[in-house]
Amino acid sequence: MKIKAFSWKAFSFTQKIFFIVFFIFFMTLFSSDASAAPIYSLNSTNSTLAGTFVLHSLNWTDDVGLSGYIFSFDNCTGSLVNDSSWASFSGTWSNVTKIINSTVGCIIKWCVYANDTSDDWNSTSCNDPFSYTTSQLGYLEVNLTNPDASGILNAIQNLTFNINATVTCRNGTCGNVFGTAMYNLSSSPDTAISITEGDKPFYVQEDPANVEKTCGILNQGDSCQLNWTVNATGDVNTGWKIGVMFNSSYTGIQSNNTNSATISIIPCTQDFTLQWNSINFGLLNPSTGPNSAPGNSDNQYNITVNSGSCNLDFYIKGTNLVNTTLNSQIGIGNLTWSNNSNNYSESFNLSSNLNALKMNVTQGVCFTTWYWINVPPVYSGYYNGNIYIFGVENGKSPA
Amino acid sequence: MVKVLLKISAIFIFLILLSSGAYAINLGSVTRNSFAEISNGESTKFTMLFWNSESEPYDVRLLVKDSPKDWIVIIDPDEFMLNKSIGEEYINLPYSNENVKAKAVNIFVKPDNFSKPGKYSVTVKTETNLNQNESNQLSIIPERLFTFEIDLKGLTTSDNIVESKVKIPTNEIETKNDSLESYYLKVDDKTDKKYFYLAIVSLVVIVSIIIYKKS
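The residue numbers shown here count from 1 along each chain, following its written sequence. Chain labels run from A onward and ligand labels from 1 onward, assigned in the order the entries are written. In keeping with the model being predicted, local features are shown solely for residues with a pLDDT of at least 70 and side-chain atom pairs are shown and tallied solely at 80 or more, while totals for entire chains, interfaces and linings include all residues.

Looking only at helices and strands, one finds 2 helices and 11 strands in chain B. By definition, residues are in contact whenever their C-beta atoms, placed on the basis of the backbone, come within 7 Å of each other. At a minimum sequence separation of 6, the contacts of chain B that also span at least 24 residues come to 72%. By the criteria applied, helices consist of DSSP H or I runs no shorter than four residues and strands consist of E runs no shorter than two, each listed in order from the N terminus.

See the structure below:
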C-alpha cells in the first residue's frame, strides 16, 4: 500500500477553510485556561484594636485545587510588604495573624496572593487592598429594653416573659461581647438566671438554654440585641430585680450592667374577653318571637378565657329594656340565652338575678352564647338595656 | 282599655338599634392578696391590678358592695379609664406580644375599734362604663366582684398599720401608705392630746385640792 505524501494543495478551497476553522476551534479550546486562578471571598478581621494580634482571613475556592498564598501587609507604613514565605493552604482559608501598629487611628492595609496546583495566581486583592483603621478600647453602652426598667412587670407564675437588652460598642473596639441575664432579690441583679428547668425563682426556658449569650465581635458603633425567654417559677407575691450584664473578651473593657427592672410574680389572673359589645336585634314587630339575635347564626357572641387566667365561672343577668321617653319597658325575662346551641328550645330566660352561664372554663377556651327576644305588645320606640356577664374564679361566689 | 289598645295597635317597635359596631371587650384583673390577718386597731391594704388588652378604652368604677358596719374602706383610685397604655405597672400576658399596662388599685381597710375578733369580709364591685354614646342598644358589660377576707384578732398595744405582704418596692405604694399613715397619725395625735388635756386638768385639780387643804 502506498501512502501518499501529505499535500496541502491536494485539498479543495472549502476543505482548507474547514480545516482552518477546525484548527482554530481546537486551539482555542485547548489553549483556554483549563485551571482558573483561585477566587476569594469573606474577607474579615477579628479586631482593630491597636497594638494587638489581629487575624486577617479570606476564604478561597478553586476549580483544580488550592496550593498556597503569600500575605502582604501594610502596618501603617504606607506600603505593602509581602511575607517572606509562601504558605500552603490547609483548608480553604488564608488566616494570618499580625500584631498591628499600636498607634490609634492609622490605616492598616492587607491583601493576599494565592495560587492553585496549576500555579495560576490571583493577585486581584492587592490591586485594591483591604483596609481598616486601628482603634482604641471601647466601652459597652447597655440598655434593658424589656421589661421596662421604669415600671413593675407582673409576671404570671409558671408562665414565661421576655428579657431583651441591647449593647452598643462606643469609642473604640469591644472584641467579643457577651450578655448574661441576672436577677436578685432586692438590690442590683448579681446572680445568673438558672438554665435548669423548674429552678426558682426563674429559669431560662429555651432549647438549648443559655444564660450567657454572645454578640460576637463588636467594633465601634456596632450594636447587638440579646433575648431570653424566662419562666417565672418563684413564689406568688414575691418581687425580684432582673437585668443583663454585658462583658467583653478584652480584659481592659469593664463589664456593664443594664438598669434593673422589677418583676412581681402574681397568681393566675381573672382575664376574659367578650368578643362583642352590644346586640342589635333590629326592627321588630310587637307580639312576635322568638326573634333571633343577628349574630346567632354566625356564632358571634363568643367569650374567651385568656391564657394565664384561672379557671372561671361565668354568670349572666340583665336589666329591663327601657324607653324612658315613653316610660315603657320590655321585661328582661323576654330575652333568652343559650350556651349550648343556636336553638331557642334550649335557651333560658334572662333574669335580673345572676344565673350560671358556664362553669369551670379553662384558659384558652372560647365558648359561644346565643340570644333571642320575645317582643311583648308595647309602644313603638327604641328600647335599651344591659346584659351583665360576670367572670369569677372557679368555685367562688359571684355575689 | 284605651292604653291597652294603643299598646296592641303599635305596629313597629325599634328595638335596641344603633349599636356602634361590635368590638371586643377585655377586662383583666388579679388580686395580689385577698386575705389579711390583723389585730384590732390595725389596718391593712389589698392591691389589685386591672388591665384592658383591647384597643377600645372604657371607664372602670370600683365601689364597696359590702363591708362590716363602721369599718373604713378606702379604694384608691375608685374610678379610672382603662386601656392598654394606662397604668403604672405592666403585666406580661401570654396572648399579647407586648407587655400591657396595668392599673394598680389599693384598698385600705380599717376595722372599727369595737369590732369583735373574728373573720370578716369586704366585697368590692367593679362596674364598667363602655362609653357607648348611642342610647339605643343592648350593651354587654363585663362585671366583677372581689371579696377580701380579714381575720381580726384581739387588741394590740399599739395602733400599727399592717402592710400587706407584697414585697414590691414601689414609691407610689409607699407614698400612699405614707398618706394613710399620716391619716392615722392625726387620729393618734388627737388621742394623745386628749390624754394630755386630761392629765393637765387632773394636775390642776390635785394642786387645787392641796392648796385648799393647806389653806
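Another aspect to go through is the interface of chain A and chain B. Interface size is often expressed as the accessible area that is lost when the parts come together. Across the contact, 58 residues belong to chain A and 52 residues belong to chain B. Ranked by residue count, the leading element in the side of chain A that touches chain B is strand 35 (residues 385-393) of chain A, at 8 residues. Tallied by class, the residues present in the side of chain A that touches chain B amount to 30 nonpolar, 26 polar and 2 charged. A pair of strands is treated as paired once DSSP finds two or more bridges between them. Note that strand 11 (residues 152-156) of chain A and strand 8 (residues 89-92) of chain B share 4 bridges and pair parallel. Residue pairing in the sheet places Asn154(A) in a bridge with Ile91(B) of strand 8 of chain B. Note on residue categories: nonpolar means Ala, Val, Leu, Ile, Met, Phe, Trp, Tyr, Cys or Pro, charged means Asp, Glu, Lys or Arg, and polar means any other residue, Gly included.

What follows deals with the pairing of strand 9 (residues 100-110) of chain B. Residues and elements named next belong to chain B. Burial of strand 9 is extensive: 10 of the 11 residues sit out of reach of the surface. Relative to strand 9, strand 4 (residues 44-51) runs antiparallel, the two sharing 7 bridges. In the sheet register, Met 48 faces strand 9, and the bridge partner there is Val 105. Sheet analysis places strand 6 (residues 72-76) next to strand 9, joined by 5 bridges and oriented antiparallel. Looking across to strand 9, one finds that Asp 76 is bridged to Asn 106. Sheet topology places strand 8 next to strand 9; 3 bridges connect them, and they run antiparallel. Bridge pairing in strand 9 places Ile 91 opposite Val 100. Counts of 20 or more other C-beta atoms within 10 Å of a residue's own C-beta define buried residues, counts of 12 or fewer define exposed ones, and intermediate counts define partly exposed ones; C-beta atoms are placed from the backbone.

Here the focus is the domain arrangement of chain A. By domain assignment, chain A separates into domain 1 (39-133), domain 2 (141-266) and domain 3 (272-393). Residue ranges assigned to each domain were obtained from an automatic or database domain assignment. On a C-alpha basis, the centroid separation for the pair domain 2 of chain A and domain 3 of chain A is 47 Å.

Residues and elements named next belong to chain A. Strand order in the open sheet formed by 4 strands is 10-12-17-15, and the pairing between neighbours is antiparallel. Here the strands that pair on one side only, and so sit at the sheet edges, are strand 10 (139-146) and strand 15 (202-204). Ignoring which end each strand starts from, the neighbouring axes of this sheet average 35° apart. As defined by bridge partners, strand 10 adjoins strand 12 (residues 160-170) across 7 bridges and the pair is classed as antiparallel. Looking across to strand 12, one finds that Asn 146 is bridged to Asn 164. For helices, the axis comes from a line fit to the C-alpha atoms of the stretch in contact; other axes are also lines fit to C-alpha atoms, and the angle between any two N-to-C directions lies between 0 and 180 degrees.

What follows concerns the sheet that holds strand 1 (residues 39-45) of chain A. Residues and elements named next belong to chain A. Spatially, the 3 strands line up as an open sheet ordered 1-2-6, and their pairing is antiparallel. Here the strands that pair on one side only, and so sit at the sheet edges, are strand 1 and strand 6 (93-99). Each neighbouring strand pair of the sheet contributes to a mean axis angle of 20°, computed without reference to strand direction. Relative to strand 6, strand 2 (residues 53-61) runs antiparallel, the two sharing 7 bridges. In the sheet register, Ser 57 faces strand 6, and the bridge partner there is Asn 95.

Another point: the confidence of the model for chain B. Residue and element names in this part refer to chain B. Looking at chain B as a whole, its pLDDT mean stands at 75, while 67% of the residues score no less than 70. The least confident element of chain B, judged by mean pLDDT, is strand 1 (residues 13-15) at 43; the most confident is strand 6 at 96. For every residue, the predictor reports its confidence as pLDDT, a number between 0 and 100. Note that residues 157-191 has pLDDT below 50 and, in this model, 43 contacts with residues that lie over four places away or in other chains. If you check the scores for this complex, the pTM reads 0.72 and the ipTM reads 0.73.

The next thing to look at is the environment of Thr145(A). All names here are of chain A. Assignment of secondary structure puts Thr 145 in strand 10. The class for Thr 145 is partly exposed, based on 16 C-beta atoms found within 10 Å. In sequence terms Thr 145 and Asp 63 are 82 residues apart; their C-alpha atoms lie 49 Å from each other. Among all residues touching Thr 145, those that are not within four sequence positions of it are Asn 164, Ala 165 and Thr 166.

One can expect most non-glycine residues to show negative phi and most peptide bonds to be in trans. Residues and elements named next belong to chain A. For the bond from Lys 200 to Pro 201, the omega torsion is 0°, close enough to zero to count as cis. The omega torsion of the bond from Asp 207 to Pro 208 falls at 0°, within 30 degrees of zero and hence cis. Mapped onto the secondary structure, Pro 208 falls in the loop between strand 15 and strand 16 (212-218). With phi around 55°, Leu 42 is a residue other than glycine that occupies positive phi space. For Leu 42, the location among the structural elements is in strand 1. Phi at Asn 360 is positive, roughly 50°, even though this residue is not glycine. Mapped onto the elements, Asn 360 comes out in strand 31 (residues 355-361). The class of Asn 360 is exposed, set by 11 C-beta atoms lying within 10 Å.

Let us now look at the nonpolar core. Val230(A), Val244(A) and Phe314(A) are the most contacted members of the largest nonpolar core, which totals 122 residues. Non-local contacts of Val230(A), meaning those with residues more than four positions away in its chain, are made with Thr160(A), Phe161(A), Ile163(A), Ala181(A), Ile193(A), Phe202(A), Val204(A) and Gln205(A). Only buried Ala, Val, Leu, Ile, Met, Phe, Trp, Tyr and Cys residues enter a nonpolar core, and they are joined through C-beta atoms within 7 Å.

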